[in-house]
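# Descriptive structure summary
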Amino acid sequence: MNRKLIAAATAAVTAAGLTIAVALTTSATAADTADPAMLAAMARDLGISSEQARERLDAEKVAGQTDAALKSSLGSAYAGSWLDGTGRTLTVAVTDSALANAVRSRGAVATTAKHSVSALDSAKIKLDAKATTAPGAVPGWYVDVRTNKIVVLARAGGEAQARAWAAETGLRGDIVAFEASTEDPKPLIDIIGGNAYGVPGGGRCSIGFAVEGGFVTAGHCGSTGGRTSNPGGTIQGSSFPGNDYAWVRADAGNTPRALVNRYPGTVPVAGSQEAPVGSSVCRSGSTTGWRCGTIQQKNASVTYPEGTITGLTRTNACAEPGDSGGSWLTGDQAQGVTSGGSGNCQSGGTIYFQPLTEILQVYNLRLVTSGGPTTTTQPTGTTTTTTTTTPPSGTWAPYTAYGNGAQVTYGGASYRIIQPHTSVPGWEPPNTPALWQRL
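Residues numbered from 1 in each chain as written. Predicted model: local features only at pLDDT ≥ 70, side-chain atom pairs only at ≥ 80, totals over all residues. Heavy atoms only, no water.

### Details of the environment of T395
Defined as follows: Helix numbering and strand numbering both begin at the N terminus, where a helix is a DSSP run of H or I of at least 4 residues and a strand a DSSP run of E of at least 2.
Take T395: it is sitting in the loop between α7 (356-363) and β23 (401-402). Distance from T395 to G412, taken between C-alpha atoms, is 9.6 Å for residues 17 residues apart in sequence.

Rendered as structure tokens:
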């Protein structure tokens, strides 16, 4: 490399370092503006104290600025950088040892490497271009600046296949390395109401609503113990016929969101206040998207070939196969999950949904909402103490969720809950003997 260019690069890096150092003395550190929750999570997951987390953030901010300055100045000689386990020591690799002093002048550790980052990236592009022909024994590949190679992962017994596949790209042996791996990667999915998911044995249903730990859907979409896909999970509970509801505990990495797919766009889920008869209601499903209608009747029974389902809500909003399990909303309030019905979205029809409140109560689930959880307990799979939005006694009130064990007074008389529900005007205890028993 031309010595004048080396000298110029060193001077430029040194000047850049002085500029950055001055700027840092007059600006807030990274830790000053860090979210306390993030600091706590760092301390928990990295096994360090909160103060060490703050110090690490500050060191990483300086390292990032130093790395950016060196990457710009070193150009094609830049071979990558990395921090040590403490996050305090930055190492920068160069392909020309004459540039080591330029790295040291910025307070980083210098090391030399054969391949520049641009060369490594170009080599990886060759593998990416043949991704569709990668053998099943290869779960992935990546640029590793520490070893200055492209690393191809191979499952046990699959290294020969991995080597043969990499050789087809024409990559040189000194730029590629192979590493034994037990990785079994799967997509990590946002759990959003109305989105499709794969049901046990094949086929498709729709997500109802995100709950803490997973999602609720229709019971006829799968039996307890069955596995779902995209998002992956295990059906923890399912009831069909009689009822038509289920809940799925999603695999780690899938994120429940307080959203429903509007096809296109999303709408927030703020709560689960039950809407009265005559209310508008919209549903989301992976076959016909976003469709609306009105609530016609409640506490309906319908007989399918598999048996009779009771306690459903009857609507004139359309749906089609594949929409099963999907979300029903009035405004931003969750109402239930699609069960079934008749007709289609060309000729119209009558569609029933399973009310959400019962599902949450039966399985002790918390609905994920834009304002935080709304009802009952963590889905731990074990018996836990249930909390409700209503104490077990008091004066009956509309738009209130009454769960198991609730007792109320109305008109001077006392009543005990028979069927958990969210009350609406007209459902006063004397008028609803199917819901309340007079004491």
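That covers the picture; the talk isn't over yet.
### Comments concerning the state of the cysteines
Test applied: Cysteine sulfur atoms are paired as a disulfide whenever they fall within 2.5 Å. Accessible area is worked out with a 1.4 Å probe on protein chains only. A residue is then buried under 20% of its type maximum, exposed over 50%, and partly exposed in between.
Counted by the stated rule, this structure contains three disulfides. Each disulfide pairs two cysteine sulfurs, and for C282 the partner residue is C292, the sulfurs being separated by 2.0 Å. In this structure, the disulfide formed by C282 and C292 twists by about 105° around the S-S bond and is classed as right-handed. On the criterion of sequence distance, the pair formed by C282 in strand β17 (residues 280-285) and C292 in strand β18 (residues 289-304) is long-range, its members being 10 residues apart. On the basis of relative accessibility, which here comes to 43%, the residue C292 falls in the partly exposed class. At a sulfur-sulfur separation of 2.0 Å, the disulfide partner of C318 is C345. Classification of the bridge connecting C318 and C345 rests on its S-S torsion, roughly 100°, and on that basis the disulfide is right-handed.

### Quick notes on helix α3 (residues 50-74)
The condition is simple: Each helix should span, by expectation, one fewer than its residue count multiplied by 1.5 Å.
Here α3 contains 25 residues, and its C-alpha end-to-end distance of 36 Å stays within 8% of the 36 Å for a straight helix at 1.5 Å per residue. Among all positions in α3, only A53, R56, L57, A63, T66, D67, A69, L70 and L74 are buried. Once α3 finishes, G75 follows within two positions and takes phi at roughly 60°, a positive value.

### Some thoughts on the sheet that holds strand β27 (residues 436-438)
Filter applied, for reference: Strand pairing is assigned whenever DSSP detects at least two bridges linking the two strands. Orientation is described by lines fitted to C-alpha atoms, with helices fitted over the stretch in contact, and by angles between N-to-C directions that extend from 0 to 180 degrees.
With antiparallel pairing, the three strands of this open sheet are ordered in space as β24-β25-β27. Single-partner strands in this sheet number two, and they are β24 (407-410) and β27. For this sheet the average axis-to-axis angle between neighbouring strands, irrespective of direction, equals 35°. Two elements, strand β25 (residues 413-417) and β27, share three bridges in a ladder whose sense is antiparallel. Among the inter-strand pairings, I417 is bridged to a residue of β27, identified as W436.

### Digging into the environment of P185
The criterion, for reference: Contacts: residue pairs with any heavy atoms within 4.5 Å of one another.
With respect to the helices, strands and loops of the structure, P185 is situated in the loop between β6 (176-180) and β7 (190-193). Once the C-alpha coordinates of P185 and P139 are considered, the two residues, 46 residues apart in sequence, prove to be 7.0 Å apart. If we skip the residues at most four places from it in the chain, P185 touches P139 and R155.

### Details of the pairing of β24
Here β24 pairs with β25 via four bridges, running antiparallel. When the sheet's bridge partners are listed, V408 is paired in β25 with Y415.

### Quick look at the side chain of D144
Worth spelling out the cut-off: The charged-residue count follows a simple rule in which Lys and Arg add positive charge and Asp and Glu add negative charge, with His and chain termini not counted at all. We define a salt bridge as a side-chain nitrogen of Lys or Arg found within 4 Å of a carboxyl oxygen belonging to Asp or Glu. In the analysis that follows, any N or O atom pair within 3.5 Å is treated as a polar contact, provided that within protein one partner can donate a hydrogen and the other can accept it, and provided that, for residues neighboring in sequence, both atoms belong to side chains.
Along the chain, D144 turns up in strand β4 (residues 141-144). Salt bridges are absent for the buried D144, whose nearest opposite-charge side chain, R146, sits at 4.9 Å. For D144, the side chain forms a polar contact with the main-chain nitrogen of R146, separated by 3.3 Å. In contact with D144, other than residues within four places in its own chain, are K149 and V151.

### As for unusual backbone geometry
With omega at 5°, the peptide bond leading from N230 into P231 counts as cis. Relative to the assigned elements, P231 resides in the loop between β12 (227-228) and β13 (233-239). Following Y263, the chain continues into P264 via a peptide bond in cis, with omega recorded as 0°. With respect to the helices and strands, the residue P264 is situated in the loop between β15 (255-261) and β16 (266-268). One non-glycine residue with positive phi stands out, namely N148, at about 65°. Residue N299 is not a glycine yet carries a positive backbone phi of 50°.

### Digging into the nonpolar core
Convention followed: The criterion is simple. A nonpolar core is a set of buried Ala, Val, Leu, Ile, Met, Phe, Trp, Tyr and Cys residues joined through side-chain atoms within 4.5 Å.
Counting 16 residues, the largest nonpolar core has F209, V216, V269, L329, A334, L356 and L367 as its most contacted members. Taken together, the elements giving at least two residues each to this core come down to β10 (209-211), β14 (245-250), β21 (333-344) and α7. Here L356 is in contact with F209, V216, S272, A334, Q335, G336 and L367, once residues within four sequence places are set aside.

### Some details on the UniProt feature "active site" (unreviewed entry) in the chain
Quick note on the threshold: UniProt positions are given in the numbering used here, feature names are shortened, and annotations may be inferred rather than shown by experiment.
If you check UniProt for "active site" (unreviewed entry), the listed places come out as H220, D244 and S324 in our numbering. In three dimensions, the annotated residues from a span of 105 residues occupy one location, with a maximal C-alpha spread of 10.1 Å. Mapped onto the elements, D244 comes out in the loop between β13 and β14. Judged by its relative accessible area of 0%, D244 falls in the buried class.

### Overview of the pattern of salt bridges
Inspection of the entire model under this criterion finds 10 salt bridges. Residue R56 is joined to E60 by a salt bridge in which the shortest nitrogen-to-oxygen separation is 2.7 Å. Here E60 and R56 lie together in helix α3, a separation of four residues that amounts to about one turn. R56 sits in the buried class, given a relative accessible area of 17%.

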